[in-house]
Structure formats: C-alpha cells, structure tokens
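Okay, here's what each chain looks like letter by letter:
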Number of protein chains: 2
Amino acid sequence: MSTTTATGDRWERTGAQARSHRTQDAFLDAAEELFGRDGVAHTSVTDVADRADRSIGSLYHHFTNKETLVAAVVDRILASLESTADRAIDPARWAGADITQIVRSYAASSLELGGQRPGSKRIIVEVSLTDDVTRERYRRFREHLEDGLTALLIDRSDEIGHPDPPLAARFVIDQLTAMLTARLDGDTIPTQLAERADRAFVDEAVSSVGSYLRLADDA
Amino acid sequence: MSTTTATGDRWERTGAQARSHRTQDAFLDAAEELFGRDGVAHTSVTDVADRADRSIGSLYHHFTNKETLVAAVVDRILASLESTADRAIDPARWAGADITQIVRSYAASSLELGGQRPGSKRIIVEVSLTDDVTRERYRRFREHLEDGLTALLIDRSDEIGHPDPPLAARFVIDQLTAMLTARLDGDTIPTQLAERADRAFVDEAVSSVGSYLRLADDA
DNA sequence: ATTATCTATAGATCTATAGATAATGC
DNA sequence: ATTATCTATAGATCTATAGATAATGC
C-alpha cells in the first residue's frame, strides 16, 4: 500500500526506489511552500499535488493522509532547527569568545536563517495550535536553545557587572529572543524593529544587552 | 433578506428588533470564543450556531456569509484595541508622570488586558494571513500605539542619559513590546519570560529599560 | 515481479439557501 | 405586517480510495 508508516503519529521514510525518494521530497517541498505561504488549513492536498507536478493518487501512495504529510513537513523543519541549535550552543565552538561576540553571532545568524525560510515558523505555530506533540517538541527546542545560550553567558560571569549574573543572563537571552522573534515575524509585528536594517538592529540589540549586563568593557 | 451589509467588505449592524441585537451579539461572542480557541479555519459556521444556541438559518439571516461574520468579529476586537490605545497614549493622562511610571503602567496593563482575552490576537493574526485590510489595520494600530508611547518618552528627554534620546526611546518601546508579545503568546514562546510571575517580569523589564536609557535616578 | 503513478470518483464535510413557522411591535 | 427563527437540503469543496497503466530494477 503506502510506503510511509505512522510511528506514534510520526512519520518515517521507507521508500525503496530512487524515484520514490525524489517524489517524496517534491511533495514535501511543495507542501512546505504552500503551507508556509497560505497556511496548512487553507492548502488542500490537491494544491500540494499540483504544485509538486504529480497526481493526488501518488501523494496518497506516499502519505497515509493529510495529517501524515503535515507531520512529515513539521518533522523536517524541526529536525533542521534542532541540529542548528545544537551546533550554536556547543561550548567548544565558543572557546575564547566573549559575551558580545556570542550575542552578536546569535542575533545575526537567527536573522539570516529566519529570513531564508519565513514560512517555517508559521507552519509550526499553526500545527501547534491543534497538535500537542508538535507544540511540546517546539517548546523543548526553544528551551534547549535558550538554556544553552544562557549557560554560555553564565560561564562568562566574570564579564558581567550586574549583581545577579545568572538572572541577568537568563533575562537578556529572553529579551533578545523576543526581539528577534518580533523582527522575524515581520507581518505580525512590523514596527520600527522590522524597518531598521539588520546590521543596525543587531548593533543596537548588542549595545542594549551590554548596558543591561554592565559588561566589563562598558563600564 | 439580511440585516447586515458589507460596506467595502466591512461590516455594519442594521438590526431592527431588540431580539436581533441580542442574537447578533450571541453569534459574535460564540464566534470569537471558537475562533480564538480552535482557529477560524477549523471552526465551521455550524459550530458557531450550535455554540450560540441558535440555528444556522438564523446565522445567515444576520450575516451574509462566513467572511462577513469573521469581519464582524475582527472589527469588534480591533475597535476595542484602538480605543484602549487612544486612552493609553493620551499625553493629558500622563501629565506629571515620569518614564518609569509610564513604562511600568504600559507593561502591567498590557499583560492584564492580553491575559483576559488570549484568543483575540490569534484571531487577528490568522485573519491577517489572507485579508489585506485586516493586516493593514492591525499594523496601523500597533504603529499608532508605539508612536504614541515613543512620543511620551521623547517628551521626557531630560530624564534620558542615553546620547540619542529619540533613537533610544524608539528602541526601548520596540523592545518592551517584543517582550510583552512573547510573554502573552504563551504557547508560542513559552520560555522563562512566560514562567516568571507577572510582577517580577514587569520589575525586571522596567529595570532593563532604565539601564538602557540611563535614566536620571539610575546613574 | 514489484513499486510508483495516473484518472476517475466515492464519501465526508462545510457553506449557503429555500420555504415554512414563530415572535415582535406598530 | 414585518422581522426573526427553524428545519431540511442543495451545492461546493475537500479528503481519500479503487482500479487500471507505466516505470523500475533484479
């Protein structure tokens, strides 16, 4: 029947032929694009098949139902985010770097990654509305990323002039994440944050972090 | 036929009987609740009629189609937000208040209002995805609110130690708005911002604003 | 021989309407 | 007399399947 199986409502690729692999990717690419642009609920499986230049019958050969297709798209997005986050918070990567460098790099690369795939987050947020598994996995991803970044800052407590370094580190990462989210959401929160050029925005964000933490070279 | 007319795709109440008024409110209340909880796309007009304890025929007597019902709900939400914002940024209201008081009040009342109706924003964001008029109106609302708040701060430039008060005021309002948004989105961005108690969060946000602006009583 | 794809369509769900019945208020 | 409401259902749209045809790779 189908070459996909739902393991605990999740998705697993089990295609045999090389053609199968290409077709599944074509469906996933088409689905991700349309889901991100028009929303999952407003995109029909027929739309996805048309966009992928394949038939609706072929789509249902590869995916049990629309839910499975959505889960596959979500899984691909989250897996990519998770691996990026793992690399970003690896202490070894930041050996020798100071807080300003870490913060600047986090802000700049978030904007770059988020700007490349603006629909990804929209998909995750929409699916999370009704799917507990996705909501929880997304929450864990962000928690993992923020915890890792906070730890990088706490490891550099000697640079922090704020009287409570652990609390200040945590707050500053939350604050920065909120600003990056606002800026990346664009249509959702399009204020001055969205209008200012990326570089100027990062500069001001880094400066704000520095003054709140009372970094050594700031005093 | 119908007692609603679509004026430029917008909605106008034209009910005659007292009963009509009550029924329209019942439909709007039911729709707002379900739209906010399950999403507009996942809520059928039948769901709305059932929730309002009225028939589908009655719903279509009052609203031309689902789109008109959605527009009516959106209009009610935005009108409420707009009037709240107008009151919040009235300079007369803040005569004698300093920056810290303004910022604290903005943060506290945003959290209070947003917490009362968590679904409102979700509805606006979902509708904005496909409706240009709503997206633009929501953007204008936020721009108006942020411009007003920024002006209140700039009027108090003598309190600001930052070398560029207009830029600093603008940045700080953006930053604060981003944090409030993150906190209110709860499920969307549930990190430490969401876990900390409202009062502690407001305290830390106000303190952060103070240190970035280099407020007089902070130096 | 097995796997992938296509066309055609069944089945489910949702929006919207028609026409009959009930309530309102002059 | 006018307005509001209800029941029943038509019409549109979407998901999913059946069965025939084409391509793959041992």
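Just above sits the structure.
This text gives an overview of the structure that appears in the document.

## Digging into the overall build of chain A
Right, so step 1: Scanning chain A from terminus to terminus reveals ten helices and two strands.
Right, so step 2: Counted from the first residue to the last, chain A has its helices and strands arranged as β-β-α-α-α-α-α-α-α-α-α-α.
Right, so step 3: Total accessible area on chain A is roughly 10300 Å²; 51% of this is exposed by carbon and sulfur atoms.

## Thoughts on the protein's contact with DNA strand C
Right, so step 1: Near DNA strand C, the surroundings consist of 22 residues, among which T23, S55 and H62 of chain A together with V45 and Y60 of chain B are the closest.
Right, so step 2: Each atom of DNA strand C within 4 Å of the protein belongs either to a base or to sugar and phosphate, the latter forming 79%.
Right, so step 3: S20 of chain A places a side-chain nitrogen or oxygen 3.0 Å from a phosphate oxygen of DNA strand C.
Right, so step 4: At a separation of 2.7 Å, a phosphate oxygen of DNA strand C approaches a polar backbone atom of S55 of chain A.
Right, so step 5: Elements with a contribution of two residues or more to the surface near DNA strand C: α1 (18-38) and α3 (56-62) of chain A together with α1 (18-38) and α2 (45-51) of chain B.

## Some details on the protein's contact with DNA strand D
Right, so step 1: For DNA strand D, the set of nearby residues contains 22 residues, the closest of which are V45 and Y60 of chain A together with T23, S55 and H62 of chain B.
Right, so step 2: Counted by atom, the contact set of DNA strand D within 4 Å of the protein is 79% sugar and phosphate.
Right, so step 3: Here Y60 of chain A contributes a side-chain N or O atom positioned 2.7 Å from a phosphate oxygen of DNA strand D.
Right, so step 4: Between DNA strand D and S58 of chain B, the relevant distance is 3.3 Å, taken from a phosphate oxygen to a side-chain nitrogen or oxygen of the residue.
Right, so step 5: Sorting the residues of the surface near DNA strand D by element identifies α1 and α2 (45-51) of chain A together with α1 and α3 (56-62) of chain B as the ones contributing at least two each.

## A look at the environment of L34 of chain B
All names here are of chain B.
Right, so step 1: Topologically, L34 is positioned in helix α1.
Right, so step 2: As a C-alpha pair, L34 and D47 span 13 residues in sequence and 8.0 Å in three-dimensional space.
Right, so step 3: Those residues in contact with L34 that lie beyond four places of it in its chain are G39, T43, D47, V48 and R51.

## Description of the nonpolar core
Right, so step 1: Core analysis: the biggest nonpolar cluster contains 116 residues, and F35, V48 and L213 of chain A together with F35, V48 and L213 of chain B have the highest contact counts within it.
Right, so step 2: Contacts of V48 of chain B, omitting those with residues within four sequence positions, involve F27, A30, A31, L34, F35, T43, L59 and L69 of chain B.

## Re the packing of aromatic side chains
For any two aromatic rings, the description comes down to two numbers: the centre-to-centre distance and the angle of the planes.
Residue and element names in this part refer to chain A.
Right, so step 1: All chains considered together, the criterion is met by six aromatic pairs over all chains.
Right, so step 2: Pairing Y138 with F141 gives two aromatic rings, centres 6.1 Å apart and planes at 20°, and the pair type is stacked. Separated by three residues within a single helix, Y138 and F141 lie in helix α7 (residues 132-154), roughly one turn from each other.
Right, so step 3: By relative accessible area, F141 is classed as buried at 11%.

## Digging into the pattern of salt bridges
Right, so step 1: Counted under the stated rule, the structure contains 28 salt bridges over all chains.
Right, so step 2: D203 of chain B is the partner of R104 of chain B in a salt bridge, and the nearest nitrogen-oxygen pair spans 3.0 Å. With a gap of 99 residues between them, R104 of chain B in helix α5 (residues 99-116) and D203 of chain B in helix α10 (residues 198-213) connect regions that are remote in the sequence.
Right, so step 3: Relative accessible area serves as the criterion here: at 34%, R104 of chain B is assigned to the partly exposed category.
Right, so step 4: Overlapping salt bridges, with partners in common, bring together D29, E32, R76 and R117 of chain A in one network.

## Some remarks on the environment of L149 of chain A
Residue and element names in this part refer to chain A.
Right, so step 1: With respect to the secondary-structure elements, L149 resides in helix α7.
Right, so step 2: Owing to a relative accessible area of 3%, L149 belongs among the buried residues under this scheme.
Right, so step 3: Linking L149 and A169, residues 20 residues apart in sequence, is a C-alpha distance of 8.7 Å.
Right, so step 4: Leave out the neighbours within four places in its chain, and L149 touches I89, Y106 and I173.

Definitions and limits used
- Residues numbered from 1 in each chain as written.
- Chains lettered and ligands numbered in written order.
- Predicted model: local features only at pLDDT ≥ 70, side-chain atom pairs only at ≥ 80, totals over all residues.
- Heavy atoms only, no water.
- Helix = DSSP H or I, 4+ residues; strand = E, 2+ residues; numbered from the N terminus.
- Areas by Shrake-Rupley, 256 points an atom, 1.4 Å probe, with all protein chains shown as cover.
- Near = heavy atom within 4 Å.
- Polar contact = N/O pair within 3.5 Å; in protein donor to acceptor, adjacent residues only side chain to side chain.
- Contact = heavy atoms within 4.5 Å.
- Core = buried A, V, L, I, M, F, W, Y, C linked by side-chain atoms within 4.5 Å.
- Buried < 20%, exposed > 50% of the residue type's maximum accessible area, 1.4 Å probe, protein only.
- Phe/Tyr/Trp six-rings, centres within 6.5 Å; stacked < 30°, edge-to-face > 60°.
- Salt bridge = Lys/Arg side-chain N within 4 Å of Asp/Glu carboxyl O.

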